[in-house]
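As a plain string of letters, each chain reads:
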Amino acid sequence: MNSSEKIEILKSRIEEVLRPLIDRDYVLLELPYYENIGDILIWEGERHFLEKLPYRCLYKASLFSYDSNYVIPTDAIILLQGGGNFGDVWKRSQKFRLQIIEKYAKNRIIIFPQTVFYEDEAVFQEEARRMAEHKQLTICAREQQSFDLLQSRFQNEILLLPDMAFCISIDKLAKYKKREQNKILFLKRKDKEFKETSPGDLPFPVMVTSDWPTYERRFVFNLIMRLSEKVKNVLARMGLSGSCWGKWIDFYADRVYRKKMLKVGVGFVSSYKRVYTTRLHVAILAILLGKECFFLDNSYGKNSGFYHTWLEEMKNVHFVE
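Residues numbered from 1 in each chain as written. Predicted model: local features only at pLDDT ≥ 70, side-chain atom pairs only at ≥ 80, totals over all residues. Heavy atoms only, no water.

Asks: What am I meant to see in the sheet that holds strand E11 (residues 292–295) here?
Replies: Neighbouring strands of a sheet are bound in pairs by backbone hydrogen bonds; such pairs are parallel or else antiparallel. If you trace the five strands from one edge of the open sheet to the other, you get E9-E8-E10-E11-E12, paired in parallel fashion. Only two strands of the sheet have a single partner each, and these edge strands are strand E9 (208–210) and strand E12 (317–319). Taken over all neighbouring pairs, the strand axes of this sheet differ in orientation by 20° on average, direction set aside. In terms of strand pairing, strand E8 (residues 184–187) meets strand E10 (residues 274–277) through four bridges, oriented parallel. (Pairing = 2+ DSSP bridges. Helix = DSSP H or I, 4+ residues; strand = E, 2+ residues; numbered from the N terminus. Axes fitted to C-alpha atoms, helices over the stretch in contact; angles between N-to-C directions.)

Asks: Where do I start with the packing of helix H3 (residues 91–103) against helix H4 (residues 121–132) in this structure?
Replies: The angle between the axes and the distance between the axes are what describe a pair of packed helices. Here H3 crosses H4 at 25°, and the two axes come no closer than 10 Å. If you check the angle between H3 and H4, you find them roughly parallel. Seen along the crossing, H3 lies across H4 with a hand that is left-handed. Contacts between H3 and H4 involve Gln94, Leu98, Ile101 and Glu102 from the former and Glu127, Arg130 and Met131 from the latter. Looking at side-chain class alone, the contact of H3 with H4 contains three nonpolar, one polar and three charged residues. (Parallel < 35°, antiparallel > 145°, perpendicular 65-115°, else oblique. Left-handed = near helix turned anticlockwise from the far one by under 90°. Contact = heavy atoms within 4.5 Å. Nonpolar A, V, L, I, M, F, W, Y, C, P; charged D, E, K, R; others polar.)

Asks: Even after reading the chapter, I still don't get the nonpolar core, so can you show me in this structure?
Replies: Burial of nonpolar side chains together is a common tendency in soluble globular proteins. By size, the foremost hydrophobic cluster in this structure holds 99 residues, and its most contacted members are Leu18, Leu29 and Phe154. Residue contributions to this core peak at ten residues, all from helix H9 (residues 243–270). With sequence-adjacent residues up to four places away left out, leucine 29 is seen in contact with Tyr59, Ala61, Tyr66, Ile72, Ile78, Leu79, Leu80, Gln81, Phe96 and Ile100. Ile184, Phe186, Phe294 and Leu296 belong to the second-largest nonpolar core, a separate cluster that totals six residues. (Core = buried A, V, L, I, M, F, W, Y, C linked by side-chain atoms within 4.5 Å. Buried < 20%, exposed > 50% of the residue type's maximum accessible area, 1.4 Å probe, protein only.)

Asks: Hey, could you run me through the pattern of salt bridges in this one?
Replies: It is possible for side chains of opposite charge to pair when their charged atoms get near one another. Counting across every chain of the model gives 24 salt bridges. Here arginine 47 and glutamate 44 are joined by a salt bridge, their closest N and O atoms 3.5 Å apart. Highlighted residues: arginine 47 and glutamate 44, both in helix H2 (residues 37–51), separated by three residues, approximately one helical turn. Of the two residues, arginine 47 and glutamate 44, both sit in the buried class. Salt-bridge contacts for arginine 255 lead to aspartate 254; the nearest nitrogen and oxygen are separated by 3.8 Å. Overall, the relative accessible area of 49% leaves arginine 255 in the partly exposed class. Take aspartate 254: its relative accessible area is 10%, and that puts it in the buried class. Among the charged side chains, a salt-bridge network with shared partners connects Glu44, Arg47, Glu51, Lys172, Asp254, Arg255 and Arg258. (Salt bridge = Lys/Arg side-chain N within 4 Å of Asp/Glu carboxyl O.)

Asks: Explain helix H1 (residues 3–18) here, please?
Replies: At 3.6 residues per turn, the α-helix brings residues three or four places apart onto the same side. Here H1 is 16 residues long and its end C-alpha atoms lie 23 Å apart, about the 22 Å a rise of 1.5 Å per residue gives. When we look at burial in H1, the residues that qualify are Ser3, Lys6, Ile7, Leu10, Lys11, Ile14, Glu15 and Leu18. Along the axis of H1, the buried positions cluster into a sector of 165°, meaning they face one direction only. Contact partners of the buried residues in H1: H2, strand E5 (109–117), strand E6 (137–141), helix H6 (170–174), helix H10 (280–288) and helix H11 (302–311). (Expected span 1.5 Å × (residues − 1). Arc of directions from axis to C-beta.)

Asks: Whenever I open this one, the pairing of E5 confuses me. Can you help?
Replies: For a regular strand, side-chain orientation follows a simple rule: the groups alternate between the two sheet faces. Within E5, eight of the nine residues are buried, leaving the element largely enclosed by the surrounding structure. Alignment of strand E3 (residues 77–80) against E5, held across three bridges, turns out to be parallel. Along E5, the bridge assignment pairs leucine 80 with isoleucine 111. Traced from strand E4 (residues 83–87) through H3 to E5, the parallel crossover comes out right-handed. In the sheet, E5 pairs with E6 via four bridges, with the strands oriented parallel. (Right-handed = clockwise from strand over helix to strand, strands pointing away.)

Asks: Looking at this structure, how should I read the packing of aromatic side chains?
Replies: The description of two aromatic rings rests on the distance between their centres and on the angle between their planes. In total, this model carries 18 aromatic pairs according to the counting rule given. Ring geometry for tyrosine 59 and tyrosine 66: centres 6.5 Å apart, planes at 55°, overall tilted. Residue tyrosine 66 is classed as buried on the basis of its relative accessible area of 11%. On the basis of an interplanar angle of 0° and a centroid distance of 6.3 Å, the ring pair of phenylalanine 166 and phenylalanine 306 is categorised as stacked. With phenylalanine 166 in the loop between strand E7 (157–160) and H6 and phenylalanine 306 in helix H11, this residue pair connects regions lying 140 residues apart in the sequence. Phenylalanine 306 carries the same exposure label as phenylalanine 166, and that label is buried. Sitting above the plane of the tryptophan 43 ring, arginine 258 keeps its charged end 5.9 Å from the centroid. (Phe/Tyr/Trp six-rings, centres within 6.5 Å; stacked < 30°, edge-to-face > 60°. Lys NZ or Arg CZ within 6 Å of the ring centre and 35° of its normal.)

Right, dumping it as structure tokens:
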């Protein structure tokens, strides 16, 4: 199966399952105002999906721009960002998620497709108990192993759906593409999900080894975002809400930051002929761009789980065990 056929299948699955559930105005929380281009791709996919619905986004915010004084209407749906931070590895995101779920017990809440991983079984069981108290919570699992984990512990509605980045318009990505050069990329993550893999283990010589460019060097738009976060933290310590400043951050993130991050990510990956990667969204972006991709695992099997759930039959995607 080629890339365009697979993209259409995955996008159609998301739309068929989620469209009936989002039947009113909504808020979108936990947006990724940070350097991980992969999470920006998820956000972009969510935006493209939601823009097709006849409902309004009443409010959107990240972890640090979120205004705790803003009251979400009880008839609004709360949508929480998808990704790979459901569990006890990325604790800040999970803590915020739980706070929203417990604060808004009467709202319908949908967590976009997430990979689930817990290192501590006791934490897993406790969070399952807390979330079970919310009677209108739907959790979307991003691959089969996460679905099975959630089904084994959680009493909420659990759905199996692919990553939201597959909803991105291909035409949108095309305007950020750069001319392809005869180069090979090994994009190797450097964070806590890193699994040791050397270019020498790969079947072809790798010409460039790098993480996302936003982790490798400083960009002005990233510096502005980090400074904005610090200003809001200072205002909070002074006892000020910082709600106006938070609105400016949300505006900047949506109108400038998101677009700059997409431009950097698409321009980077599109310039290589072949891609090896330990990051899930580099593989997804390579698929969206129609490139040949060699996929390696992260530290706890997120990538292999996604590959075996959704990508095995693709001609131009290969998993390196």
